[in-house]
Structure formats: structure tokens, C-alpha cells
Amino acid sequence: MASSEAESGTLPEAMEEEPFLSNLDLFLFTLIAGLVIYWFITRKEAEPIPEFKKLDQPAPMTRETSFIEKMKKTGRNIVVFYGSQTGTAEEFANRLSKDAQRYGMKGMAADPEEYDMCELSRLAEIDNSLAIFCMATYGEGDPTDNAQDFYDWLQEHDGELGGVNYTVFALGNKTYEHYNAMGVYVDKRLEELGAKRVFDLGMGDDDGNLEEDFVTWREQFWPAMCEHFGVEASGEDSSIRQYELKELHDINMNKVYTGELGRLKSFEVQKPPYDSKNPFLAPVTVNRKLNKAGDRHLMHLELDITGSKIRYESGDHVAVYPTNDTAIVTKLGQILGVDLDTVISLNNLDEESNKKHPFPCPTTYRTALTHYLDIMHPPRTNVLYELAQYASDTKDQENMRKMASSSPEGKALYQNFVLDDNRNILAVLEDTPSLRPPIDHLCELMPRLQARYYSIASSSKVHPNSIHICAVLVEYTTRTGRLTKGVATNWLKNKVVGDNGHKSIVPMYIRKSQFRLPFKASNPVIMIGPGTGIAPFVGFIQERGWLKKQGKEVGETVLYYGCRHESEDYLYQEELAEAEKKGVITKLNVAFSRDQDQKVYVQHLLRANKEDLWRLIHTDNAHIYICGDARNMARDVQTAFYEIVEELGGMTRAQATDYIKKLMTKGRYSQDVWS
Amino acid sequence: MENYIKTQSAVNGGEPVYVEREVADMLSSTDLSEMLAAGTKEVHEKAENTQFVKDFLKGRIRKELFKLGHVALYYTYEAMEEEIERNKDHPDFSPLYFPELYRCNALARDLEYFYGEDWRERVSCSLATQRYVEHIRQVGEDDPVLLVAHAYTRYMGDLSGGQVLKKVAQRALKLPVTGEGVNFYQFDGIHSAKAFKQLYRSRMNELDLDTATKERLVAEAVMAFQLNIEVFGELDEIGKDIKEAIMDTDMPVYEAHGTGGDINKCPYYAAQRAASGGSAYVSQLAMAVLRHPTGQVLFATWVAALAGFAAWYFM
């Protein structure tokens with residue numbers, strides 16, 4: 001009987017002492033060695049099992065990596081790829097894939113990281129297929145992490161993507177140098193590889209309004225797709241309503257909205273704090289015409305904020321909620337043949353949506369069209385497309401759908417009929433007699449009426465309980481002979497100062513801005529504000545005057561103003577003259593553009609004072625402020641500054657540009673401009 | 001990019017306005033905003049490259065860590081904003097007094113969302129955060145001008161990357177679009193982050209400080225970054241412990257299609273687990289035993305005994 005040693009560790013030693021091994025010993029040794037080896041092997045295999053690295057691949061065994069196969073299996077013809085870092089592009093992709101259904105197609109959203117993108121060329125195997133790309137740009141013009149592989153493949157691949165239909169929507173931010181680089185690249189590269197672009201590249205700017213850019217692009221995209229595929233929006237889908245109409249008779253009128261933005265009765269019972277959902281109803285105490293002559297109407301209004309606890313700084317913006325012209329609202333009611341005072345509610349068919357109603361409900365059609373809906377802006381193409389079904393004349397219907405398509409003919413038609421002729425929805429209805437949509441669908445499609453912002457023309461140090469507004473009435477006659485007025489400016493003009501107890505009120509709130517006088521009164525300021533751009537500077541000048549009265553040392557206060565004719569529209573002429581006399585304005589420069597043969601603008605005056613300006617900017621630490629028209633004036637003024645810096649600073653144009661850009665970064669060159 | 005400028009200007013009949021020198025001089029400055037930006041560039045990159053931040057940006061942020069991060073932020077901002085309030089009229093800080101920047105209330109709302117109404121009892125200040133808080137308190141009491149460095153470090157960052165982080169957090173943690181849990185990133189009183197930062201910089205530059213103080217501020221800002229980096233590091237450590245404990249119940253970052261994010265509902269995953277489940281447990285146990293030296297000896301003994309028995313049986 002072989003003895004079994006208690007310690008296996010001694011067994012091998014025993015072996016060595018007896019060079020001659022018996023068969024039994026050998027057998028035992030082999031057996032034990034075999035068992036030990038087996039133990040080692042199973043030990044290694046046991047380790048990996050508890051580690052769940054499969055977090056990014058929950059079903060590695062059966063996950064489909066071919067999007068083509070997946071599409072075929074699930075009967076889809078549209079695939080929406082997304083390059084997303086923060087989830088926005090992914091969200092857009094999901095929305096687009098859901099949209100497909102409304103147009104009789106089937107879509108799916110797909111992460112390019114999870115699929116074999118080299119299969120792209122196989123899209124041709126599927127009828128009426130389309131690849132949409134929602135591509136975000138990251139960092140220095142780079143692809144998002146999940147699109148990196150796809151990006152590499154695009155660069156290296158040299159294949160043929162004939163038969164592949166595609167379109168791209170790019171997401172990015174204009175303040176970055178490589179704005180939408182990824183989206184632009186994908187759009188270009190796919191074409192180079194032979195794919196067919198079926199709709200123009202969409203550019204989304206997060207610095208502006210990414211959502212809006214997306215919705216606008218998408219609203220034009222789908223009708224174009226329908227046309228491209230020869231697909232009609234399917235029967236039931238042609239009336240794709242988001243909301244359901246409920247008419248409410250016998251309702252307690254206390255429960256009905258009459259123009260409030262948030263809480264019911266917030267207009268009757270006013271409670272601070274006041275903001276965009278809860279504006280303060282400020283009585284109008286002054287409303288006077290500012291210009292002495294000319295065919296325009298410039299106005300100065302004063303709003304009383306006593307008792308509201310509202311505080312503001314000069315340079316802030318006052319937001320006001322205007323209402324639409326009642327005459328236009330009434331005409332809409334007539335043309336659509338409805339009783340505008342019907343109380344209704346539009347309820348979201350998607351019960352899970354946060355947005356229960358398109359505007360505060362229950363309310364009347366009259367209130368909705370007057371307070372909540374924008375009926376003056378030219379209607380967007382998607383609105384025309386959705387309303388087309390209500391045109392009894394087939395040609396009208398065709399035209400309306402065409403205007404929403406991406407065909408050059410359609411685009412031209414829209415440009416001409418809607419944009420160049422400045423047609424609002426009423427005008428469209430009037431000029432398309434066969435088009436008579438139900439009013440509730442119309443209400444669902446119209447965008448919300450937005451608050452308007454005005455630079456406050458007063459200083460809270462001098463007028464703590466009053467907010468001043470300087471505005472010009474927008475008024476023009478369209479090519480079709482319709483006299484059109486700006487919603488807010490027309491509404492403001494008609495806010496007569498109350499007498500006999502009836503006060504005109506303006507629902508308002510303050511939106512803080514970063515347009516501020518320097519902290520130190522001793523710092524000089526250079527203000528450039530032609531036309532109504534003078535508004536915030538009226539406040540600035542009042543404040544500098546107040547500081548001077550307080551005995552503070554106030555630095556140079558320089559104003560550059562411009563208007564058309566000295567005798568006509570020189571705004572606040574008396575106030576400015578007074579301020580100059582008192583030394584509050586140390587240098588007043590005014591350009592009258594039309595008082596002589598050649599046009600003279602503020603930028604000409606700037607150039608004429610270049611030495612002074614250079615000294616103020618470079619040596620005296622002056623802050624520069626520009627207010628007014630964004631498109632031309634702000635740009636021309638900036639150019640004038642480049643020239644001054646270039647010349648007097650002895651720099652190249654590039655260096656001068658750098659210099660000014662640096663002033664902007666450091667908050668010494670600020671702009672409050674509008675287009 | 002350094003260039004040399006013209007030696008003469010054409011103004012005023014050719015009288016030289018500037019002698020030859022680097023344009024960089026003309027464009028550079030002793031502006032505090034620029035000194036801070038330059039002086040913290042390196043440490044800023046370092047902060048961006050901590051594991052915690054890198055993971056966050058990629059959406060790999062676990063809820064537990066995010067919550068703890070928020071707790072750290074709460075204590076930090078509570079201290080900083082109290083010190084700012086105390087010093088708001090101090091000439092070395094008042095130009096930078098902007099209550100619309102305050103984050104404390106927003107953080108409190110977020111913590112209430114995550115931990116419930118009794119959140120104050122449930123959270124506590126970690127070690128690294130405590131060090132940060134104590135430093136801020138000391139600065140506020142003894143040397144208020146240095147508060148500028150702390151405000152700069154936190155608020156300017158919040159107004160920059162903050163917006164991106166908000167979206168990342170919402171997506172990764174499946175937070176509601178109505179903004180609960182990410183109020184911290186929302187500046188209701190500030191319409192344009194870009195314009196605000198420009199205003200903030202102009203105010204920093206309006207402070208009346210000598211060069212020595214400005215240099216101290218730069219050093220203090222670097223210190224503030226370091227204190228933040230230490231908090232991230234602490235979170236990383238906590239993160240490693242959490243990983244083992246709540247591995248099974250934590251939702252994976254990647255959303256399994258069609259299961260609403262719950263990996264346990266994924267049929268493929270379930271099948272896989274079932275197949276390996278039984279043996280996995282036994283193997284784990286065996287492995288644990290075998291790791292231990294005594295276990296090894298016992299196992300060897302057992303093998304030897306088995307072999308001996310087999311030998312006896314067959315002989």
C-alpha cells in the first residue's frame with residue numbers, strides 16, 4: 001500500500017531521493033500533477049465571469065451590427081444616424097425617425113458606433129431608402145466620440161455610394177471657429193463618394209436657436225421627401241393634429257384665460273416677483289412723439305412701476321407683451337366664419353407630453369388670436385403644407401404644397417408669394433379664396449406671440465419708479481397694397497395716457513443685460529447710438545449726470561449720434577443739449593445723414609476724431625458702447641475702429657482686429673444691437 | 001505671434017508715435033483678467049484631465065457620484081457666497097458683486113430632488129471639500145481680495161462648460177427635461193453667458209490693485225483649481241468603491257434598445273447570465289478558497305488523499 005504523505009510538498013522531494021521510481025509512484029505523481037494542472041486551468045477560466053465589461057454591449061451574442069439587415073427585417077426604409085455628445089443630435093434623430101410615420105414611411109435612429117457603416121452602399125438594396133445624418137461638431141471641428149469611426153471610414157473609404165440617398169443636419173455653435181465642420185464634411189464627402197444628396201444641408205446654431213433651426217429644416221425636409229419619393233402623406237396622416245379641439249359651453253368665465261401668460265387671474269391679482277410668466281401691468285404715464293417732422297413716428301413712453309418692487313439698471317431691457325391689431329383678428333374671424341368668442345380648449349393628443357396646450361387654455365379664439373398667437377409674421381412653409389388640404393381648389397392645394405417643397409420652383413413661389421409680398425396669414429387667406437381651414441387647426445399651427453425687448457432709456461438712479469422706452473413705429477405698404485404695421489410698435493403707439501381713471505397698461509418685466517456703465521465713474525465712455533440706438537445712452541447720460549451731482553469724479557462722456565435731418569428726427573435734442581451745457585456730455589458729435597448731398601454717418605465722425613478716440617481707448621481705458629442697427633451700422637462702426645487702431649496704433653489690419661476683439665473679451669467694447 | 005510695428009506713424013506730419021517694440025507689448029497688459037487666464041491655463045488643463053471630469057464629459061457619470069459631486073458643490077458655494085455677501089462692499093470685491101451668479105439655492109433644490117426633503121440630514125461634507133471650504137472661510141475673513149480668485153475660478157467655469165455639462169448630465173442620468181437635478185447649471189438671471197463673462201472681466205480689470213496683489217490673485221486661483229482637483233480625486237476614489245457595491249443594480253450608461261435602460265430586462269443578457277450563473281458562483285467560491293495559502297495546502301492535501309485512495313482502489 002502506497003503511503004499517502006500528508007503534505008504534497010514533500011512528495012517530489014521523496015521522488016528525488018530515490019532515482020528509481022516505482023510504477024505506482026509514477027502513477028500517483030502523474031495523477032496528482034494532472035489534478036493540480038486541471039485546477040490551474042479551471043482557476044483561470046473562473047476569473048473573467050464576474051466582470052461585466054459588457055456595459056456597452058448588453059447583448060454581444062445576438063446584437064445585429066448590420067443596419068441593413070435590421071431595416072429589412074423591420075420593414076424600414078429610412079435610417080437616421082446621429083453623431084451626438086450631449087444627446088441633442090440623438091434626440092433630433094429620434095424625432096426624425098418618428099416623423100417618418102406621418103408620411104407613410106418607417107424610420108429608425110441608429111448610433112454609427114454600433115453598426116457597420118461600411119454597409120452604407122447596401123442601402124440601394126432597399127426601395128425608397130434614405131439615410132439622414134444628424135451630426136454634431138465637437139471641440140475643434142471634431143466628430144463626436146460615437147462618430148469617430150465613421151469619420152475615419154469616410155476619410156479612408158474610396159468606394160461607390162451610388163444609389164444611396166442622403167441628407168445631413170449639422171449641429172454646432174457659430175462662436176466656434178470650426179462651425180459645423182463635421183456636418184459640412186459628411187455632406188460634402190458623401191457626395192464625393194457618389195451618394196445622392198436629396199435635401200440641402202441643414203445648419204443648426206446653438207449660439208442662436210438650435211431647436212428652431214432644426215424645426216425649420218425639418219418642416220421643409222419632409223414635404224420635399226414626399227415629393228422626391230412620390231409619396232403622399234397617407235390618408236389619415238394628412239390631418240395630423242397634435243391637439244384635439246374641445247368646445248366648452250356653459251363654462252364659468254372665471255376659469256377662462258383672458259391674456260395671462262401663467263397663473264390664471266395673474267393680471268387681476270398682481271403678485272411679485274414679476275417675470276416672463278408673470279408680467280407687471282405697468283400704467284403708461286407719458287406717450288409723446290419724439291420727432292418734429294417727417295413721415296415716421298418716433299415715440300417716447302414712460303411706464304410707472306411704483307409699488308411693483310421692480311428694480312433695474314440702466315442698460316437693461318424691458319420686455320413687453322404686445323397684442324395683435326383687433327381689426328385683423330376680427331377679419332380673421334369673419335373670413336373663417338366663426339364666432340370668435342367661443343370658449344375652447346386645445347388638448348395635446350400625446351398624453352405624456354409636458355405641453356398640454358399650445359397656449360393657455362381654456363380661452364376664446366379671440367383671446368388666442370389677440371394675445372397668444374403670432375398672426376402677423378409670414379407663415380412658415382410647414383403651415384402652408386398642413387393647410388393645403390383645406391383648399392378646395394386643386395391648383396391652390398398644389399401650389400401650397402409646392403411652396404413647402406425644396407424644388408426651386410416651389411422655393412421661388414414661396415419667396416415671391418409670401419416673403420416678397422409680405423403676406424401674413426390673413427392675406428394668404430384673402431388671396432386664396434378656396435382655402436378655408438378650420439380655425440382650431442389654424443390656431444394649432446401659428447407660432448406663439450413673443451415678447452418684444454427694448455433698451456431702457458432711463459436711469460434707475462434718476463427715475464427709480466419709471467421705465468422709459470424709445471421706439472419707432474414700423475409701418476409700410478406691401479406690394480399688394482396692404483398697409484402693414486409692426487405689432488409692438490403699433491400697440492405702443494396706441495397706448496394713450498389714461499385720463500378719467502382709464503389707464504393704458506403695458507404687461508412688462510425686466511430682462512437684465514450686461515450692457516453696463518463702467519464700475520468706476522472716472523472711466524471715460526464712448527457711446528455710439530444713432531436713431532433709436534440712443535435709448536440706453538439716454539439712461540447712461542442721466543446716470544453720469546447724477547453721479548456728477550453726487551460729487552463723484554466722472555470721466556469723459558462722449559456721444560456719437562446720427563439721424564436723418566436735424567430739424568426732423570433729432571431725438572432728445574433738448575435733453576442732450578442740456579447735458580452738454582452742464583458738462584455731463586463732454587463731447588457731443590451728431591451726424592445728419594440727409595442734410596447734405598453726401599451721406600454723413602457716425603462712422604465718418606469717428607474717423608474725423610481718430611486722435612481723440614485713440615487716446616481715450618489706448619491711454620485712458622475708455623469703454624466703448626454701440627447700440628442700434630446690427631446689420632450695417634454696427635459693422636461699419638467696427639470697421640472704423642479697426643482703421644483708427646491700425647493707423648494710430650501703427651498696426652496691421654490683423655493686429656488691429658485682434659486689438660478690438662480683445663477689448664470685446666475684456667468687456668470694454670460692448671454692443672446692444674438688433675436687426 | 002510677435003511682430004514688430006512700424007517705427008513711424010503717418011499721423012501729424014510723420015512724427016513718430018511709437019518707437020520700435022513688440023506689438024505684443026501693446027496688446028498685452030497687466031489686466032487682471034488676462035493674467036488670470038494665462039496663469040491658470042496649465043492647471044485648468046490638469047483639471048480637465050482628471051478622470052472624474054473626463055468621464056463626466058463622456059457621459060460616464062454614475063448617479064451616486066453625480067449626487068456626491070453636487071453635495072461637494074453645495075458646501076463650496078454655500079461658503080463662498082456667504083463670504084461674498086460679507087464682503088460685498090469691500091472695495092476689493094464690490095465691482096464683482098453679482099448676486100445673479102449665486103448657486104447655493106439652485107444646489108439646494110437639486111439636492112432636495114436627489115435626497116428628499118430631509119436632504120440636509122442625509123448629506124455631509126467630505127474631507128477634500130472641508131479643506132476647500134475652510135480655505136475659503138479663511139480668505140473671506142483675513143484677505144478678502146483673494147475671494148476674487150475663487151469667484152473667478154468657479155463662476156467663469158460654470159458659465160462656460162456648465163451648459164454642456166447640463167445636457168450631458170440630463171442625458172446620462174435620464175433626468176427630466178423640466179430641469180430637476182440640474183438647476184445648478186441654470187442661470188436664470190443671466191441671458192447671455194458670453195456677454196456676462198465679458199462684463200465680469202471688465203469689472204475684474206477695474207479693481208484697483210498693484211502688481212503684487214494681482215500676482216497673488218493668480219497664485220490663489222491656481223490654488224483654487226488645485227482644491228477642486230482634490231475634490232475630483234476624492235470622488236474618483238469613492239467611485240471605485242461604489243463600483244463593486246452597486247454593480248448589479250446600477251443602470252449602465254448605455255441604454256439597451258427596447259428595455260428602457262434596465263439591463264436586467266434585456267433578454268439576451270438574461271440568457272447569458274443564466275448560462276454562466278450556476279458555474280459562476282461555484283467558480284467564484286472555489287477561487288476565493290484557492291487564493292488563500294491554507295486553502296491551497298488543504299486542496300493539495302485533498303488531491304493527494306484522493307490520489308492515494310484511487311491508488312488503493314485500483315491496486
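Residues numbered from 1 in each chain as written. Chains lettered and ligands numbered in written order. Predicted model: local features only at pLDDT ≥ 70, side-chain atom pairs only at ≥ 80, totals over all residues. Heavy atoms only, no water.

A count of helices and strands for chain A gives 21 helices and 23 strands. The C-alpha atoms of chain A give 35 Å as radius of gyration, which overshoots the globular expectation for 675 residues (26 Å, by more than 25%). Considering only C-alpha atoms, chain A reaches an extent of 125 × 70 × 55 Å along its principal axes. Taking all 675 residues of chain A together, the buried fraction comes to 51%. Residue pairs at least 24 apart in sequence account for 75% of intrachain contacts in chain A once pairs closer than 6 positions are excluded. Carbon and sulfur atoms form 49% of the exposed surface of chain A, whose accessible area is close to 31400 Å². (Helix = DSSP H or I, 4+ residues; strand = E, 2+ residues; numbered from the N terminus. Rg over C-alpha atoms; globule rule 2.2 N^0.38 Å. Buried < 20%, exposed > 50% of the residue type's maximum accessible area, 1.4 Å probe, protein only. Contact = heavy atoms within 4.5 Å. Areas by Shrake-Rupley, 256 points an atom, 1.4 Å probe, with all protein chains shown as cover.)

Before going further, it helps to examine the overall build of chain B. Within chain B one finds 14 helices and 0 strands. The order of helices and strands in chain B, counted from the N terminus, is α-α-α-α-α-α-α-α-α-α-α-α-α-α. Taking all 315 residues of chain B together, the buried fraction comes to 47%. Taking contacts inside chain B between residues at least 6 apart in sequence as the whole, the part at least 24 apart equals 75%.

Right, let's talk about unusual backbone geometry for a bit. Residue and element names in this part refer to chain A. With an omega of 5°, the peptide bond between Pro-272 and Pro-273 qualifies as cis. Among the structural elements, Pro-273 can be located in the loop between β8 (243–247) and β9 (280–289). In this chain, Cys-361 is followed by Pro-362 through a cis amide linkage whose omega measures 0°. Inspection of the secondary structure assignment puts Pro-362 in the loop between β12 (343–348) and β13 (363–364).

This next bit is on the side chain of Arg-95 of chain A. All names here are of chain A. With respect to the helices and strands, the residue Arg-95 is situated in helix α4 (residues 88–102). Engagement of the side chain of Arg-95 in a polar contact is seen with the side chain of Glu-211, the distance being 2.8 Å. The residues touching Arg-95, leaving out its near neighbours within four places in the chain, are Glu-211, Phe-214, Val-215 and Arg-218. (Polar contact = N/O pair within 3.5 Å; in protein donor to acceptor, adjacent residues only side chain to side chain.)

Here we come to the packing of aromatic side chains. Residue and element names in this part refer to chain B. Counted by the stated rule, this structure contains 39 aromatic pairs over all chains. Considering the side-chain rings of Phe-66 and Phe-114, the 5.7 Å spacing of their centres and the 75° angle between planes classify their relative orientation as edge-to-face. Taken together, the residues span a long stretch of sequence, with Phe-66 in helix α5 (residues 63–86) and Phe-114 in helix α6 (residues 104–115) at a distance of 48 residues. For the pair Phe-66 and Phe-114, a shared accessibility class is recorded, and that class is buried. When the ring centre of Phe-187 is taken as reference, the NZ or CZ atom of Arg-103 above it lies at 3.7 Å. (Phe/Tyr/Trp six-rings, centres within 6.5 Å; stacked < 30°, edge-to-face > 60°. Lys NZ or Arg CZ within 6 Å of the ring centre and 35° of its normal.)

Residue and element names in this part refer to chain A. Spatially, β14-β11-β18-β9-β10-β15 is the arrangement adopted by the 6 strands of the open sheet, whose pairing is antiparallel. Among the strands making up the open sheet, the edge pair consists of β14 (452–455) and β15 (466–472). Sheet twist, expressed as the mean angle between neighbouring strand axes with direction ignored, is 40°. The pairing of strand β11 (residues 317–320) with β14 spans 4 bridges and is antiparallel. (Pairing = 2+ DSSP bridges. Axes fitted to C-alpha atoms, helices over the stretch in contact; angles between N-to-C directions.)

All names here are of chain A. The interhelical angle for the contact between helix α5 (residues 148–156) and helix α6 (residues 181–192), taken along N-to-C directions, is 40°, at an axis separation of 11 Å. Classed by the angle they form, the pair α5 and α6 counts as oblique. For the crossing formed where α5 meets α6, the hand is left-handed. Counting all contacts with α5, which are made through Phe-150, Tyr-151, Leu-154 and Gln-155, the residues of α6 involved are Met-182, Tyr-185, Val-186, Arg-189 and Leu-190. (Parallel < 35°, antiparallel > 145°, perpendicular 65-115°, else oblique. Left-handed = near helix turned anticlockwise from the far one by under 90°.)

Residue and element names in this part refer to chain A. Positionally, Tyr-561 belongs in strand β20 (residues 557–563). For Tyr-561, a relative accessible area of 0% corresponds to the buried category. For the pair Tyr-561 and Gly-333, spaced 228 residues apart in sequence, the C-alpha separation works out to 45 Å. In contact with Tyr-561, other than residues within four places in its own chain, are Gly-529, Pro-530, Gly-531, Ile-534, Asp-569, Tyr-570, Leu-571, Asn-589, Val-590, Ala-591 and Val-602.

Formed by 69 residues in total, the largest nonpolar core has its most connected members in Phe-66, Leu-101 and Tyr-200 of chain B. Per-element accounting of this core gives the leading share, 11 residues, to α5 of chain B. Listed in part, the 47 residues of the second largest apolar core include Tyr-243, Val-329, Tyr-372 and Val-418 of chain A. (Core = buried A, V, L, I, M, F, W, Y, C linked by side-chain atoms within 4.5 Å.)

Turning our attention to the sheet that holds strand β22 (residues 623–629) of chain A. Residue and element names in this part refer to chain A. Ordered in space as β21-β20-β19-β22-β23, the 5 strands form an open sheet in which the pairing is parallel. Each edge of the open sheet carries a strand with a single partner, namely β21 (587–592) and β23 (669–674). Strand after strand, the sheet turns through a mean of 10° between neighbouring axes, direction not considered. For strand β19 (residues 525–528) and β20, the ladder comprises 4 bridges, and the chain directions are parallel. Pairing of Val-525 across the sheet is with Thr-557, part of β20.

Before going further, it helps to examine the confidence of the model for chain B. Residue and element names in this part refer to chain B. Taken residue by residue, chain B gives an average pLDDT of 79. The fraction at 70 or more is 70%. Here helix α13 (residues 267–291) stands out as the element of chain B with the lowest mean pLDDT, 47, in contrast to α6, whose mean of 97 is the highest. The low-confidence segment residues 1–23 (pLDDT under 50) makes 43 contacts with residues lying over four places distant or belonging to another chain. Segment residues 246–281 is flagged for pLDDT under 50; beyond a separation of four residues in sequence, or across chains, it makes 40 contacts in the model. Scored as a complex, the prediction yields pTM 0.73 and ipTM 0.72. (pLDDT = per-residue confidence, 0-100.)

Residue and element names in this part refer to chain A. When we look at burial in helix α12 (residues 408–420), the residues that qualify are Gly-410, Tyr-414, Phe-417 and Val-418. On the buried face of α12, the contacting elements are α10 (381–387), α11 (394–403) and α13 (425–431). Asn-422 lies just past α12 and shows a positive phi near 50°.

What follows deals with the state of the cysteines. All names here are of chain A. According to the stated counting rule, one finds 0 disulfides over all chains in the structure shown. Cys-470 provides the cysteine sulfur closest to Cys-563, a residue in no disulfide bond, and the two sulfurs are 12 Å apart. Its relative accessible area of 9% is what places Cys-563 among the buried residues. (Disulfide = S-S within 2.5 Å.)

Residue and element names in this part refer to chain B. Helix length check: α6 (12 residues) gives 16 Å between terminal C-alpha atoms against 16 Å at 1.5 Å per residue, within 8%. Contact partners of the buried residues in α6: α5 and α7 (119–122). Count one or two residues on from α6 and you reach Gly-116, which has phi positive near 95°. (Expected span 1.5 Å × (residues − 1).)

With that settled, the discussion passes to the pattern of salt bridges. Residues and elements named next belong to chain A. Taken as a whole and assessed by the stated rule, the structure comprises 52 salt bridges over all chains. Put simply, Asp-341 and Arg-366 hold a salt bridge, and the shortest N to O gap is 2.9 Å. In this pair, Asp-341 sits in the loop between α8 (326–336) and β12 while Arg-366 sits in helix α9 (residues 365–372), placing the two residues 25 residues apart along the sequence. Through salt bridges with shared partners, a single ionic network connects Asp-421, Arg-423, Glu-430, Asp-431, Arg-479 and Arg-482. (Salt bridge = Lys/Arg side-chain N within 4 Å of Asp/Glu carboxyl O.)

Let us look at the packing of α5 of chain B against helix α8 (residues 127–142) of chain B. Residue and element names in this part refer to chain B. Where α5 meets α8, the closest approach of the two axes is 9 Å, and the angle between their N-to-C directions is 5°. Put simply, α5 runs roughly parallel to α8. Here α5 contributes Ala-72, Tyr-75, Thr-76, Ala-79, Met-80, Glu-82, Glu-83 and Arg-86 to the contact with α8, which in turn contributes Thr-129, Tyr-132, Val-133, Ile-136, Arg-137, Gly-140 and Glu-141.

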